[in-house]
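Geometric and topological summary
Now for the letters of each chain:
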Amino acid sequence: MNCWSQARRAPPGSANRSPESAALPQVRTQLFLCRSFDTVAGLRLALIGYGNVGRAFARLLDRKKSQFPFRIVAIHTLRHGSAFDTHGLPQEPAFGPPAQSIEEFLDRATAEIVVEVTSLNPATGEPAISHIRAAFARRVHVITANKGPIAHCYASLRTEAANAGVMFRFES
């Protein structure tokens with residue numbers, strides 16, 4: 001099983017924040033590798049959502065690839081479609097038609113970690129909650145920058161992650 005540590009926060013009020021870090025308030029701090037992954041070519045990430053936050057996250061990973069050797073192998077958006085590449089996608093991937101369902105997307109992505117950064121309905125927390133549950137059903141770790149799933153059903157999501165043997169991290 002893959003291993004990544006608890007979040008480590010930047011000091012409050014850090015003065016030198018780039019536009020990417022402003023768009024990604026603490027998500028960048030979620031991804032720290034354990035020693036066992038120091039020589040690995042990179043954990044496979046799938047992004048659900050590729051708006052401002054998703055794109056800023058991709059730019060940040062690209063800039064810090066020596067520290068965070070992750071590969072974004074799949075991206076899914078309703079507006080642009082889906083993109084897949086097991087070797088890693090560029091920051092501006094060529095999108096094809098969207099996967100027919102989030103389950104189809106996750107099955108094709110074969111990611112080890114899902115980064116869920118979609119827009120959502122604040123009254124229900126959807127579709128983020130369904131995306132997170134679909135990842136847990138496939139025994140995939142999840143990071144979300146959405147508050148909705150946390151506000152609506154954190155306890156049940158935490159239990160589902162534990163039952164699936166995966167980590168569930170959030171920050172927004």
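Our structure is the block above this text.
About the criteria used
- Residues numbered from 1 in each chain as written.
- Predicted model: local features only at pLDDT ≥ 70, side-chain atom pairs only at ≥ 80, totals over all residues.
- Heavy atoms only, no water.
- Phe/Tyr/Trp six-rings, centres within 6.5 Å; stacked < 30°, edge-to-face > 60°.
- Helix = DSSP H or I, 4+ residues; strand = E, 2+ residues; numbered from the N terminus.
- Lys NZ or Arg CZ within 6 Å of the ring centre and 35° of its normal.
- Expected span 1.5 Å × (residues − 1).
- Buried < 20%, exposed > 50% of the residue type's maximum accessible area, 1.4 Å probe, protein only.
- Polar contact = N/O pair within 3.5 Å; in protein donor to acceptor, adjacent residues only side chain to side chain.
- Core = buried A, V, L, I, M, F, W, Y, C linked by side-chain atoms within 4.5 Å.
- Contact = heavy atoms within 4.5 Å.

To continue, consider the packing of aromatic side chains. Taken as a whole, this structure holds seven aromatic pairs when the rule is applied. Residues Tyr154 and Phe170 carry aromatic rings whose centres are separated by 5.4 Å and whose planes lie at 70 degrees to one another, so their mutual orientation is edge-to-face. Here Phe170 lies in strand 6 (residues 168-170) and Tyr154 lies in helix 5 (residues 148-164), a separation of 16 residues in the sequence. Aromatic rings pair up to connect Phe136, Tyr154, Phe168 and Phe170 into one cluster. Sitting over the ring of Phe84, Arg108 keeps its end group 3.9 Å from the ring centre.

Glancing now at helix 2 (residues 52-63). Between its first and last C-alpha, helix 2 extends 16 Å over 12 residues, near the 16 Å set by a 1.5 Å rise per residue. Those residues of helix 2 that sit buried are Gly54, Arg55, Ala56, Phe57, Ala58, Leu60 and Leu61.

Attention shifts here to the environment of Lys65. Within the secondary structure layout, Lys65 lies in the loop between helix 2 and strand 2 (70-77). The class for Lys65 is exposed, based on a relative accessible area of 52%. Considered as a pair, Lys65 and Gly42 are 23 residues apart in the sequence and their alpha carbons are 9.1 Å apart. Side chain to side chain, Lys65 and Asp62 meet in a polar contact 3.4 Å long.

Further remarks concern the nonpolar core. Considering soluble globular proteins, one finds that nonpolar side chains tend to be buried as a cluster. Counting residues in hydrophobic clusters, the biggest one holds 24 residues, and the most contacted among them are Ala46, Phe105, Leu106, Val114, Phe136, Val142 and Phe168. Those elements giving two or more residues to this core turn out to be strand 1 (43-48), strand 2, helix 3 (102-109), helix 4 (128-137) and helix 5. The contact partners of Phe136, leaving out residues within four places of it in the chain, are Val142, Leu157, Glu160, Ala161, Ala164, Val166, Met167 and Phe168. Core analysis: the next-biggest nonpolar cluster, separate from the first, contains 18 residues, Leu61, Phe70, Ala83 and Ile143 among them.

Time to look at the side chain of Thr118. Tracing the backbone through its elements, the reader meets Thr118 in the loop between strand 4 (113-116) and helix 4. Of the polar contacts made by the side chain of Thr118, one reaches the side chain of Glu116; its length is 2.4 Å. Excluding residues that lie within four positions of it along the chain, Thr118 makes contacts with Ile48, Gly49, Pro127, Ala128, His131 and Asn146.

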